[in-house]
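Descriptive structure summary
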Amino acid sequence: MIKNEIAPTPSNTYSFSRVKCFQQCPLRYRFRYIEGRKEAFRSIESFLGSTVHDVLEWLYAQRDDAIEHSEPEILEEFSRRWTEGRDRTVAVIRINDDDDEYHRLGREMLSRFFHETFSRDRSRTVSLEQRLSKRLSTEVLFTGFADRIGRTDKGRLFVIDYKTSKSEGNGSEFSEGLQAPLYAACVLDHHDDTEALAGYHYLRHGTTRWQQVDRDRARQLVERFLHLVGEVEAAGDFPADPGVLCAWCGFNAICPSAQVPDSLSGGLRRAEEMGRSLF
Ligand code: SF4
């Protein structure tokens, strides 16, 4: 293992992703957060999500600087970032999928967002890609990144998270029940408002779902998150929990329990090409 690939997360600092990772597969959690290993690849879906997010951040930052962009300019910015960032650590997991399809999908999402949302959006940005941090107890610190914090044209405080996933959330804790509301709870610490809106914007569908987070709800969310952290901290061991997500797990080439069907082996093959195999 190369030295700079090891970077354990401070033991008392918990993000939403950290807790979600433990829930999905404790062994993956151990590799990433306790041993601090770096995943061998990232999926094209994850690359698509981060590139679209970067363009949205740029778009709102440009608007704050009073710079207007046309749709072709936005799509060009996306394509430029796509080409620059698309290195060999990005893997197409579904081996029959075409790389260009994901590029086209990103352009489609941005085009829809530009016409249906951005061009009508009269809200004011408070901050973009804001790092949030909140002490939840004497031992536990919560951390995360909010895509955009703003105020509606009527002055209501909001936090919004952009989603590039195929399906819209189902309301469960690790879908849309906890993350953005918890971010709203953090944001309330820095404002005098009695409540904040927590939203998810689904870029493939062009829909937004809002939840209201008042100070009572914020306290409940903190309690709920602390309970989940308590489960992680109480774990004596970290067994593998293999399943369909193994194909997207960047440790699948070193994991003895990985279950990766041939049709989803794009990441595994890439990891092996890069010399990250078990044997
Ligand atoms: S390959 Fe599967 S079982 Fe192994 S760590 Fe990753 S998600 Fe867990």
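Numbering of residues starts from 1 in each chain and follows the order in which that chain's sequence is written. Reporting of local features is limited, given that this is a predicted model, to residues whose pLDDT is at least 70; pairs of side-chain atoms are given and counted only at 80 or more, and all residues count toward the totals for whole chains, interfaces and linings.

Things to note about the pairing of strand 6 (residues 157-163)
Each regular strand carries side chains that alternate between the two faces of the sheet. Counting buried residues in strand 6 gives 6 out of 7 residues, a clear majority hidden from the surface. Bridge analysis of strand 5 (residues 141-151) against strand 6 gives 4 bridges, and the strand direction is antiparallel. Bridge pairing in strand 6 places arginine 151 opposite leucine 157. In this scheme, strands are said to pair when DSSP sees at least two bridges between them. Here a strand is any run of E in DSSP of at least two residues, a helix any run of H or I of at least four, and the numbering for each starts at the N terminus. Between the end of strand 5 and the start of strand 6, which pair antiparallel, lie 5 residues, with glycine 155 showing a positive phi angle near 90°. Looking at chain direction, strand 6 and strand 7 (residues 195-202) are connected through 6 bridges and run parallel. Looking across to strand 7, one finds that aspartate 161 is bridged to tyrosine 200. Three exposure classes are used. Buried residues have 20 or more other C-beta atoms within 10 Å of their own C-beta, exposed residues have 12 or fewer, and partly exposed residues fall in between, all C-beta atoms being placed from the backbone.

Comments concerning the domain arrangement of the chain
One frequently used descriptor of interface size is the decrease in accessible area upon assembly of the parts. Where each domain starts and ends comes from a domain assignment, either automatic or drawn from a database. By the assigned domains, the chain splits into domain 1 (35-121 + 251-279) and domain 2 (125-233). With centres defined by C-alpha atoms, the gap from domain 1 to domain 2 works out at 23 Å. On the side of domain 2, 10 residues touch domain 1, which itself brings 13 residues to the contact. Among the secondary structure elements, those contributing two or more residues to the side of domain 1 that touches domain 2 are helix 3 (44-64) and helix 5 (99-116). The leading source of residues in the side of domain 1 that touches domain 2 is helix 3, at 9 residues. Any residue outside Ala, Val, Leu, Ile, Met, Phe, Trp, Tyr, Cys, Pro, Asp, Glu, Lys and Arg is labelled polar, Gly included; the first ten of those are nonpolar and the last four are charged. For the side of domain 1 that touches domain 2, the class distribution of residues is 7 nonpolar, 2 polar and 4 charged. By the criterion used throughout, residues are in contact when their C-beta atoms, derived from the backbone, lie within 7 Å.

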